[in-house]
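Commentary on secondary and tertiary structure
The residues making up each chain are set out below.
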Amino acid sequence: MKSVPKTIVHKFVKDRTAYYTINWSPIIRVDKYDIQRTVPAMAGIFELFYRGNDRKLHLFHYGIAWLGGLRAVIREMTDPLLMKDRPDIQRVLKDHECYYRFVVCESREDLEDLLAFFGKMKGAPQKAASGRYDNVRLKEVTSKPQQ
């Protein structure tokens, strides 16, 4: 059985600025059995990608998982049969090879801050959604796939 990479959010706060480091899991091809076996049932952030005709990966959805955890949310969001209320996502899942990555984060406020950061243009200082910080900074690290 594969072990789950150490995928966690770290935060350092200085002068009302939150510095987050996200240690993403490797980008993994969607397989419902692998999701059940390797994705933790913990709160966190996830991203979904599809492989386009150009053979590049394109982000098509990101979000947070709180109740139910990453395992349940990623499993649901990557199953076209379960996405009947989201025809946009269902179409991507049916038409393309899809992938995901995730990171564990146990703080609801930190999840909200990071989600707000992702929702805005990267590069400019971002105000935190939780209101705790004047600025949010982000460093992303991607884990290597395990052999």
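The rules we used
- Residues numbered from 1 in each chain as written.
- Predicted model: local features only at pLDDT ≥ 70, side-chain atom pairs only at ≥ 80, totals over all residues.
- Heavy atoms only, no water.
- Helix = DSSP H or I, 4+ residues; strand = E, 2+ residues; numbered from the N terminus.
- Buried < 20%, exposed > 50% of the residue type's maximum accessible area, 1.4 Å probe, protein only.
- Areas by Shrake-Rupley, 256 points an atom, 1.4 Å probe, with all protein chains shown as cover.
- Pairing = 2+ DSSP bridges.
- Axes fitted to C-alpha atoms, helices over the stretch in contact; angles between N-to-C directions.
- Contact = heavy atoms within 4.5 Å.
- Arc of directions from axis to C-beta.
- pLDDT = per-residue confidence, 0-100.

**Some remarks on the overall build of the protein chain**
Each helix and strand in the protein chain was counted, giving four helices and seven strands. For the protein chain, the α and β elements follow one another from N to C terminus as β-β-β-α-β-β-α-α-β-α-β. Counting every position in the protein chain, which comprises 147 residues, the buried fraction comes to 41%. About 8,600 Å² of surface is accessible on the protein chain, with carbon and sulfur atoms providing 52% of the total.

**Re the sheet that holds strand β1 (residues 9–14)**
One open sheet holds the three strands; their spatial order is β1-β2-β7, and the pairing between them is mixed. Every interior strand has two partners, whereas the edge strands, β1 and β7 (135–142), have only one. The sheet shows a mean angle of 15° between the axes of neighbouring strands, taken without regard to direction. Where strand β2 (residues 17–24) lies against β7, eight bridges are found, and the strand directions are parallel. Looking across to β7, one finds that N23 is bridged to V141. Relative to β2, helix α4 (residues 108–119) is tilted by about 85°, and along the sheet it contacts β1, β2 and β7.

**Focus on helix α3 (residues 87–95)**
All buried positions along α3 are accounted for by I89, Q90, V92 and L93. The buried residues of α3 occupy an angular sector of 165° when projected down its axis, which confines them to one face. Seen from the open side of α3, the exposed residues pointing more than 90 degrees away from its buried face are P87 and K94. Each element contacted by the buried residues of α3 is listed here: β4 (44–51), β5 (57–65), α2 (69–77) and β6 (98–104).

**Considerations on the confidence of the model for the protein chain**
Looking at the protein chain, pLDDT values average 87 and 89% of them are 70 or higher. Low pLDDT, under 50, characterises residues 1–5; the predicted model gives this stretch 13 contacts beyond four residues in sequence or across chains.

**Looking at the sheet that holds β6**
Pairing is antiparallel in the open sheet, where four strands are placed in the order β3-β6-β4-β5. At either margin of the open sheet sits one strand with a lone partner, and together these are β3 (28–29) and β5. Bridge analysis of β4 against β5 gives eight bridges, and the strand direction is antiparallel. Bridge pairing links Y50 to H58 in β5. Against the sheet, α2 contacts β4, β5 and β6, and its axis sits at roughly 25° relative to β4. Strands β4, β5 and β6 of the sheet are contacted by α3, whose axis makes an angle of about 130° with β5.

**Remarks on unusual backbone geometry**
Positive phi, close to 60°, is recorded for R16, a residue that is not glycine. Tracing the backbone shows R16 in the loop between β1 and β2. A positive phi is found at R55, a non-glycine position, where the angle reads about 70°. Tracing the sequence through the fold places R55 in the loop between β4 and β5.

**Some details on α2**
What α2 keeps buried is the set G69, L70, V73, I74, R75 and M77. Where the residues of α2 are buried, they touch α1 (32–38), β4, β5, α3 and β6.

**Considerations on the pairing of β1**
The side chains of a regular strand alternate between both faces of the sheet. Pairing geometry for β1 and β2, over six bridges, is antiparallel. Its bridge partner being in β2, F12 is matched across the sheet by Y19. The turn joining β1 and β2, which pair antiparallel and follow one another in sequence, is formed by two residues; a positive phi near 50° is taken by D15.

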